[in-house]
Structure formats: structure tokens, C-alpha cells
Amino acid sequence: MLRIMRFSGLLSVLLAIIVLSPSLQSFPPAEAIRSSHLRFPTSPHRFSFRKSPAIRNAADCAAIDIDSSVCNPSLVHVAITLDFEYLRGSIAAVNSILQHSSCPESVFFHFLVSEPDLESLVRSTFPELKFKVYYFDPETVRTLISTSVRQALEQPLNYARNYLADLLEPCVRRVIYLDSDLIVVDDIAKLWRTRLGSKTIGAPEYCRANFTKYFTPAFWSSERLSAAAFRGRSPCYFNTGVMVMDLERWRRVGYTEAIEKWMEVQKSDRIYELGSLPPFLLVFAGEVAPIEHRWNQHGLGGDNVKGSCRDLHPGPVSLLHWSGSGKPWFRLDSRRPCPLDSLWAPYDLYRHSR
């Protein structure tokens, strides 16, 4: 169930009613991208966030030691990237998870970074948060990344999720990976309990999407490539911004190497144009444990060019995802927001300079 924090004024109430309407139009998926024309502070000291509200577990939550180790089997593990451009979005995402979790003290966050000094900022914003910061070396993928339709898609941190099984402790057997441009409006523990069965990842699938557009004509015309990639599979598009990942199985099979091999093929054969998404599709499409669409109401950032306003897909909402070029914090600051951006605003802890 969508639980929306308090809004002030009648307009906000009316907006919430619109959001819950099942008659709203559905739109095709769009991959989350980073806006290359914008400039951001290069030091975390230039950001200022309000301290988050106190977090407390409900009475029926399992007892968690305040100094609980990352290996505690009772924890829910969530991985998110942190960088200067998306920092405001990441902080809002964390805040939303805590506000809607029945057992927020049982959530452990794994932050992937390629820039220094972000740990202290997180600590000052979320004093009670259980988290660890992991440095992802951009050189790990720099030689594997090929040019894309947008320079923003070439950022090395976009590829950090490929290496979660290597970066996180071996005792972390499962993790929820989330993009930075979303908010969770339901209990994250529900997503954590997703049954993956024999699959390595779970995600909402969109089998009506035009799957062919994610790869070049050269790929589809090559029997050596396309037939080999999807033989015995019925591939469907899925958005990699929300995934439940079985890291134990990932490590055992060696999926990081499988993704890297397709990135090497891309360097020589040019089989896709969209950055970090297609290698995931090549390895996993058709082998994904299905998750309800409510857990990725994506595309709210509009298309990848104009960032036009979008409505929700029909049905219930547990997670709102501003994939696409329009981000709510940019649009709100420019005073040209889309209607649904007002749902993101209550979780924003950014302190504007006066």
C-alpha cells in the first residue's frame, strides 16, 4: 500500500488522489541516466542535509544489537551508489526506506562510492543508520566501457552493481540493489522476502516492451551473437534499477565475468548503445524471477531527451522510480516540477542555502 507522508494544503491531497487513480496511463520503460550538462559541487562539505528523523523498530521486530555486524542474518541488505551528482537523490531514497520500514533498525545499507569523504556526510544525516561505504575503483571498468549514446552512461559507477558480489562481504548472501532516483513507499522487508527460486536475480519484467531496441541491428543480424546469447530463453526487458540479487549464487556461477565478456564483445562488435543495461539483459533476460510491477513504477523521469512528465502505470505502488532524464530535485529547484515530483519532495533532506 502506498503510504504518503503528510502534505500541506488541499492541492497536495488532490494530487495524492490522482496518483492512486487506476486509470492513469502506462508508459514504456526508460533507463535511468545522468544529466551530463549539469555541474555539481566537488566536495561533500558543500552539501548540507537536515538530520533524519529518529528510527525505531516496531515492537514485533526481531531484536537487533545496536552494534550488529554486517553478517547478522536478521538484517535486510540494501545497496545504493553515492556520487555528487545523485547524492540528493540517494539521501532521499534512504530516508524513504527508513520512514516506511516496520523494522528500520534492521536495514543495513551498503554504499558504493568512487569519491572520497562521503561517509561523514551520511553519518551526520543518519546518525543511527547501519551502513558501510565501499570504494569502487573506476579503473576496474574504464577499459571495458565503450562510448554510448550519452556520455553520462559511460560513468564507471554505473557499473558498480556488476561487482557487488566481490565488493560486499562473503557473508552477505542476498542484497537489494536500488538506483538513486527513486523512493520506496512500502516496507522494504516485503521486497527482501522475494522468492528467487533457482534464479540469481529478481526484478519486475516488461515482456510487452520492444526488446529488440536495446541492441543494434548488427547484433540481431549476427547468428553468432544473438542466437548464442538467447538460445533456449524467452527474453523480456527488465529495469536494472531495482533488483533482488542472490550474491551466493552469483559468486558460484561467476556472473561478473559473464557480464565483462559481453562488454568486451561490445568493444569490438558494437552490439548496443545504452551503457550498463544491455550486458545485464544479455546475461539474465529470460532468467529473472518475476517481481510485482508495484516495486518499480519506473519512467517517471520521462524520456531520455526532454524529460517530459509521466504518469504512473495502472495498479498499486510500492516504489516510484524517476528513471529517464528528468529528476525531481532538478525540476523542483527550477520551479518547473511535474505533478508526481511532489511525492518525492517530502523525503528530500537537502538544506538549501539562503
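Above this note sits the structure.
Report follows, based on the coordinates. Only a predicted model underlies this, so the values are computations on that prediction, with no experimental measurement involved.

Points about the overall build of the chain
So, point 1. When helices and strands are counted, the chain shows 13 helices and 11 strands.
So, point 2. Counting all 354 residues of the chain, 58% fall into the buried class.

Observations regarding unusual backbone geometry
So, point 1. Even without glycine at this site, Asp117 takes up a positive phi of about 70°.
So, point 2. Relative to the assigned elements, Asp117 resides in the loop between strand S2 (107-113) and helix H3 (119-125).

Some details on the pattern of salt bridges
So, point 1. On inspection of all chains with the given rule, the structure shows 15 salt bridges.
So, point 2. For Arg161, the salt bridge is made with Asp179, and the minimal N-O distance between the two is 3.7 Å. A residue pair is termed long-range when its members are at least 10 positions apart, and Arg161 in the loop between helix H4 (139-142) and helix H5 (164-167) and Asp179 in the loop between strand S4 (174-178) and strand S5 (182-184) qualify at 18 residues. Pair check on accessibility: Arg161 and Asp179 agree, each one buried.
So, point 3. One salt bridge connects Glu287 with Lys199, and the closest N-O pair in it is separated by 2.8 Å. Here Lys199 lies in the loop between helix H6 (188-192) and strand S6 (201-203) and Glu287 lies in the loop between helix H11 (277-284) and strand S10 (289-290), a separation of 88 residues in the sequence.
So, point 4. For Glu287, a relative accessible area of 32% corresponds to the partly exposed category.
So, point 5. Ionic contacts of the salt-bridge type, sharing partners, join the residues Arg88, Asp333 and Asp348 into one network.

Comments concerning the sheet that holds strand S9 (residues 242-246)
So, point 1. Here 7 strands make up an open sheet; going across it, the order is S3-S2-S1-S4-S9-S6-S10 and the pairing mixed. Of all strands in the sheet, those with a lone pairing partner are strand S3 (130-135) and S10, marking the two edges.
So, point 2. Direction of pairing for S6 relative to S9: antiparallel, over a ladder of 2 bridges. Residue pairing for S9: Gly202 is matched across the bridge by Val244.

Regarding the packing of helix H10 (residues 255-269) against H11
So, point 1. For the pair H10 and H11, interaxial distance at closest approach is 9 Å and the crossing angle is 120°. The orientation of H10 relative to H11 falls into the category oblique. The two elements H10 and H11 meet at a crossing, and its hand is right-handed. Listed contacts from H11 to Tyr255, Ala258, Ile259, Trp262 and Met263 of H10 are Pro279, Phe280, Leu282, Val283 and Phe284.
So, point 2. Looking at the contact of H10 with H11, its residues break down into 10 nonpolar, no polar and no charged.

What about H10?
So, point 1. In this model, H10 (15 residues) spans 21 Å end to end at C-alpha, consistent with the 21 Å of a helix rising 1.5 Å per residue.
So, point 2. Within the span of H10, buried status applies to Tyr255, Thr256, Ile259, Trp262, Met263 and Gln266. End-on, the buried residues of H10 take up no more than an arc of 130°, which puts them together on one face. Exposed side chains of H10 directed beyond 90 degrees from the buried face belong to Lys261 and Ser268.
So, point 3. At its buried positions, H10 is contacted by H5, helix H7 (217-221), helix H8 (223-230), helix H9 (247-253) and H11.
So, point 4. At the C-terminal side of H10, Arg270 shows a positive phi close to 50°.

Digging into the environment of Asn162
So, point 1. Its location among the elements puts Asn162 in the loop between H4 and H5.
So, point 2. We classify Asn162 as buried; its relative accessible area is 2%.
So, point 3. Taking the C-alpha atoms as reference, Asn162 lies 8.2 Å from Tyr255; in sequence the two are 93 residues apart.
So, point 4. Once you skip the residues sitting within four places of it in the chain, Asn162 turns out to touch Trp250, Thr256, Ile259, Met263 and Phe280.

Let's talk about the packing of aromatic side chains
Centre-to-centre distance and the angle between the planes together describe a pair of aromatic rings.
So, point 1. Applying the stated criterion across every chain yields a total of 24 aromatic pairs.
So, point 2. Judged by centre distance (5.5 Å) and plane angle (40°), the rings of Phe136 and Tyr163 are tilted. Residue Phe136 is found in the loop between S3 and H4, and its partner Tyr163 is found in the loop between H4 and H5; the two are separated by 27 residues along the sequence.
So, point 3. Measuring from centroid to centroid gives 6.1 Å for Trp220 and Phe230, while their planes differ by 20°, and the two rings are stacked. Taken as a pair, Trp220 in helix H7 and Phe230 in helix H8 lie far apart in primary sequence, 10 residues in all.
So, point 4. Classification of Phe230 as buried rests on a relative accessible area of 8%.
So, point 5. Each member of the aromatic cluster is reached from another via a ring pair, and the members are Tyr206, Phe211, Tyr214, Phe215, Phe219, Trp220, Phe230 and Tyr237.

As for the nonpolar core
So, point 1. Phe238 and Phe284 are the most contacted members of the largest nonpolar core, which totals 53 residues.
So, point 2. Here this core takes 6 residues from H11, the largest share from any one element.
So, point 3. Apart from residues lying up to four places away in sequence, Phe238 is in contact with Ile201, Ala203, Pro204, Glu205, Tyr206, Met243, Leu277, Phe280, Leu281, Phe284, Ala285 and Val288.
So, point 4. Listed in part, the 39 residues of the second largest apolar core include Ile80, Leu121, Leu196 and Ala289.

Criteria and cut-off values
- Residues numbered from 1 in each chain as written.
- Predicted model: local features only at pLDDT ≥ 70, side-chain atom pairs only at ≥ 80, totals over all residues.
- Heavy atoms only, no water.
- Helix = DSSP H or I, 4+ residues; strand = E, 2+ residues; numbered from the N terminus.
- Buried < 20%, exposed > 50% of the residue type's maximum accessible area, 1.4 Å probe, protein only.
- Salt bridge = Lys/Arg side-chain N within 4 Å of Asp/Glu carboxyl O.
- Pairing = 2+ DSSP bridges.
- Axes fitted to C-alpha atoms, helices over the stretch in contact; angles between N-to-C directions.
- Parallel < 35°, antiparallel > 145°, perpendicular 65-115°, else oblique.
- Left-handed = near helix turned anticlockwise from the far one by under 90°.
- Contact = heavy atoms within 4.5 Å.
- Nonpolar A, V, L, I, M, F, W, Y, C, P; charged D, E, K, R; others polar.
- Expected span 1.5 Å × (residues − 1).
- Arc of directions from axis to C-beta.
- Phe/Tyr/Trp six-rings, centres within 6.5 Å; stacked < 30°, edge-to-face > 60°.
- Core = buried A, V, L, I, M, F, W, Y, C linked by side-chain atoms within 4.5 Å.

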